[in-house]
Amino acid sequence: MKPYPLVFFLLHLLLPLSPASPDHDAGDLTSIVFTTLGRLEYAFDIYTLRIFHDQSTSPVGEIRITDGQSVNFNGHFPSPSSTSSLLRLLPNETLVKTLTRPDSSPLQLVYVTERDGVSNIYYDVVFEADRDQKISSRRSAMEVVDRVQVPLLSTNLVKNKVSMKDRPSVAGDYLVYVSTHENTNVPRTSWAAVYSTEFKSGVTRRLTPYGVADFSPAVSPSGKLTAVASYGGKGWDGEVEELSTDIYIFSTGDGSRRVKVVQHGGWPSWADESTIYFHRRGEDQWWSIYRAILPSYGEITTDSVVIERVTPPGIHAFTPAASPENKNLIALATRRPNSSFRHIELFYLDKNEFKELTRLVSPQTHHINPFISSDGSRVGYHKCRGNSNNGGRSSDLLLENIESPVSSISLFRTNGSFPTFSPAGDRLAYSDFPGISVVNIDGTNLRHVYDDLAFSTVWDKVRNDVVYAAGGPDFAPESAKVDILSINVDQLTVKKLTTNGNNAFPSPSPDGKQIVFRSGRTGHKNLYIIDAVDGEEGGLQRLTNGPWTDTMCSWSPDGDWIAFASDRDDPGSGSFALYLIHPNGTGLRRLVHSGLGGRTNHPFFSPDGKRLTFTSDYTGISAEPISNPHQYQPYGEIFTIKLDGSDLTRLTHNSYEDGTPVWAPKYIRPSNVELQVGGAKSSCRFEDLHWLNKMPSYVEELGLNKLCGAGF
């Protein structure tokens, strides 16, 4: 493949520029490492299959469109009316004309990518292999031999304003997309909003009203209207499965004439100017596709819009994609009762029949978020590419560098849970579930040092060979047997430090003499302090006492404070805030709370003890959870805050679950670190949404688990 990267940015935005960050002395530079569930195994690329008018024809000739760099997802085929605007962005249109062959047109794709550690929207023009090189054959994906590629958003909106980008569409001379770059300044409120950028002028306009979050935008065939899933003014209530969103439409030009057209729905897709397909989980608990028909005259309200169910119960069907030129079909993702994988299918509206596509091409792979060409001839989707052409990498990443909005902090994602650094900062330990591994910070000498279930790993602050952990099941009741372990990672010896109850989340004092941890030994999870070497045999000090949960503690570098998460404001509610307390039990105060019902967890002190990093739902949710693989808590983002409660700063922007952050004891240069263990492991080990495994109880009684390409 011959790439033609055009590494420049084309658009100058009206949004005000942030002031440039000052240079920093080396002593001011720090690094934070955190975990994102499954993300380093996604390896998403965008693929396409041709749709044949003969419904009996099996799919062949899958093409991988994107280039194997980072993750690429949520694509959009621009319509013919938009391609001229896009082609004018290229500095050399002649190149495209030269590469275009008489027997085929290039594929054009707009999509989200996370290359270089930052979310951006790219435009690719790709050229397939010559016709005589194409298959009729069994190759899983045909080759793209030439590519012209350009990013569509400026540095101002990408690196100067680090944010998540999502669901791009092209409407004539406009790019329409989701971004999270504007702070709502309200706890537990999503920053996700829809924007449009005019290609010619570079003017960027917010289409979502302030005080409202919008998700999953779709532009009508004429480009005049945009539909979104939105809470409106009611806001997010903590949902992590189906969001309680409605469907709104508004003018693409300026966001005016906004009106709610569907009560309860998400992921809209236009078939024509008056027909919108969307998904919802019905009263029968099946995810299904529905159709909203807008009135041809009169006022548009939820009462005047006709709602029809399209797909039958018995199959979870979601994330629909309609075609303005082929109104006889829609593309959708499914989870069938007899499958553990998410697949893309067509649904023929005239016959009420499904036609399977991706299961026939790669049955053991998840295929996500279909989109369809305007003429209905192609369906696109993203899936894991495996280890082939994995962006030039031959190994897994130990640390993936993420663009940081704070110039003095380098930011990294890792695959292990509860990452923790040795005192010298030269080694990293983490929970493997099961077990614990240790690796040098340069990616060498990976070793498994403990085999049984363990979590909440933390390195001793003085001894370079001792890691503490909770040995036993996580998320266990107070009565479960979980012990604080002291593990010598060089001699591979293990010592139990506790003798009674469910004990977890150890944190050593800066002198290495004591450990604070949480224990459920009295029926409630409170904080205790023990000797770091002798454990409970050396004495037990109770630090907090009450009918609530105090947990996830962290001892400050100067020894003066212990930070912890607690639900003491509303015990048993699942809502946690961060607190500070002195080791002698005095000075208790609440530091940060994410609002009613919010979750703020896993605090960790900076090396100078002046700030905490933590994970929280403070900025709500950024995308419909069903559009991603499994995430337990898809609202988790990484933040920092000063100990006086000021300068709350959001570091990450995505729709994943970021958690268990840790501040490194010394600065790590902002670049990826590969594991040096003799080649990459198998990618694609992530799981689909666990709650999609739940099939309504009557599925077997009705024999619906045998549905396969049948009508209803």
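Because the structure is a prediction, the values reported are computed rather than measured.

(A) Structural view of the overall build of the chain. Assigned secondary structure in the chain consists of 3 helices and 50 strands. Total accessible area computed for the chain in this model is approximately 27,500 Å², and 48% of it derives from carbon and sulfur atoms.

(B) Up close: the sheet that holds strand 20 (residues 306-309). Strands sit in the order 17-18-19-20 across an open sheet of 4 strands; the sheet is antiparallel. Edge positions in the sheet fall to strand 17 (266-272) and strand 20, since each has one partner strand and no second. The average angle at which neighbouring strand axes cross in this sheet is 30°, direction not considered.

(C) Geometry of the sheet that holds strand 15 (residues 246-251). Spatial ordering of the open sheet is given by 13-14-15-16, a layout of 4 strands whose pairing is antiparallel. Either end of the sheet is taken by a strand with one partner, and the two such strands are strand 13 (214-219) and strand 16 (259-262). Averaged over neighbouring strand pairs, the angle between their axes works out to 35° when direction is ignored. Pairing between strand 15 and strand 16: 3 bridges, direction antiparallel. For isoleucine 247, the partnering residue across the bridge sits in strand 16 and is valine 262.

(D) A look at the packing of aromatic side chains. One pass over the full model with this rule turns up 20 aromatic pairs. Ring plane angle 55° and centroid distance 5.6 Å describe the contact between tryptophan 236 and tyrosine 635, whose orientation is recorded as tilted. Within this pair, whereas tryptophan 236 is found in the loop between strand 14 (225-230) and strand 15, its partner tyrosine 635 is found in the loop between strand 46 (611-616) and strand 47 (637-642), the two being separated by 399 residues in sequence. Each member of the pair, tryptophan 236 as well as tyrosine 635, carries the same accessibility label: buried. Ring centres 6.1 Å apart and planes at 65° place the aromatic pair tyrosine 618 and phenylalanine 639 in the edge-to-face group. A residue pair is termed long-range when its members are at least 10 positions apart, and tyrosine 618 in the loop between strand 46 and strand 47 and phenylalanine 639 in strand 47 qualify at 21 residues.

(E) Region of interest: the pattern of salt bridges. Applying the stated criterion across every chain, the model contains 35 salt bridges. Between glutamate 62 and lysine 383 there is a salt bridge, with its nearest N and O atoms 3.0 Å apart. With glutamate 62 in the loop between strand 3 (44-50) and strand 4 (63-64) and lysine 383 in strand 26 (residues 378-384), this pair connects stretches of sequence that are 321 residues apart. An identical accessibility class is assigned to glutamate 62 and lysine 383; each is buried. The partner of glutamate 345 in a salt bridge is arginine 336, and the shortest N-O contact between them spans 2.8 Å. For arginine 336, a relative accessible area of 4% corresponds to the buried category. Shared partners join several salt bridges into a network, and the residues in it are Arg39, Glu114, Glu400 and Arg413.

(F) Expanded view of the environment of leucine 360. Relative to the assigned elements, leucine 360 resides in the loop between strand 24 (353-356) and strand 25 (367-372). With 301 residues separating them in the primary sequence, leucine 360 and proline 59 have C-alpha atoms 7.3 Å apart.

(G) Fine view of unusual backbone geometry. The residue after phenylalanine 433, namely proline 434, is reached through a cis peptide bond having omega 5°. For proline 434, the location among the structural elements is in the loop between strand 30 (427-431) and strand 31 (436-440). The phi dihedral of asparagine 74 is positive, around 50°, even though this residue is not glycine. For asparagine 74, the location among the structural elements is in strand 5 (residues 72-76). For asparagine 74, a relative accessible area of 7% gives the class buried. With a phi close to 45°, threonine 319 is a non-glycine residue in the positive phi region. Note on placement: threonine 319 falls in strand 21 (residues 316-322). Here threonine 319 falls in the buried class, since its relative accessible area comes to 0%.

Each value, and the rule that gives it
- Residues numbered from 1 in each chain as written.
- Predicted model: local features only at pLDDT ≥ 70, side-chain atom pairs only at ≥ 80, totals over all residues.
- Heavy atoms only, no water.
- Helix = DSSP H or I, 4+ residues; strand = E, 2+ residues; numbered from the N terminus.
- Areas by Shrake-Rupley, 256 points an atom, 1.4 Å probe, with all protein chains shown as cover.
- Pairing = 2+ DSSP bridges.
- Axes fitted to C-alpha atoms, helices over the stretch in contact; angles between N-to-C directions.
- Phe/Tyr/Trp six-rings, centres within 6.5 Å; stacked < 30°, edge-to-face > 60°.
- Buried < 20%, exposed > 50% of the residue type's maximum accessible area, 1.4 Å probe, protein only.
- Salt bridge = Lys/Arg side-chain N within 4 Å of Asp/Glu carboxyl O.

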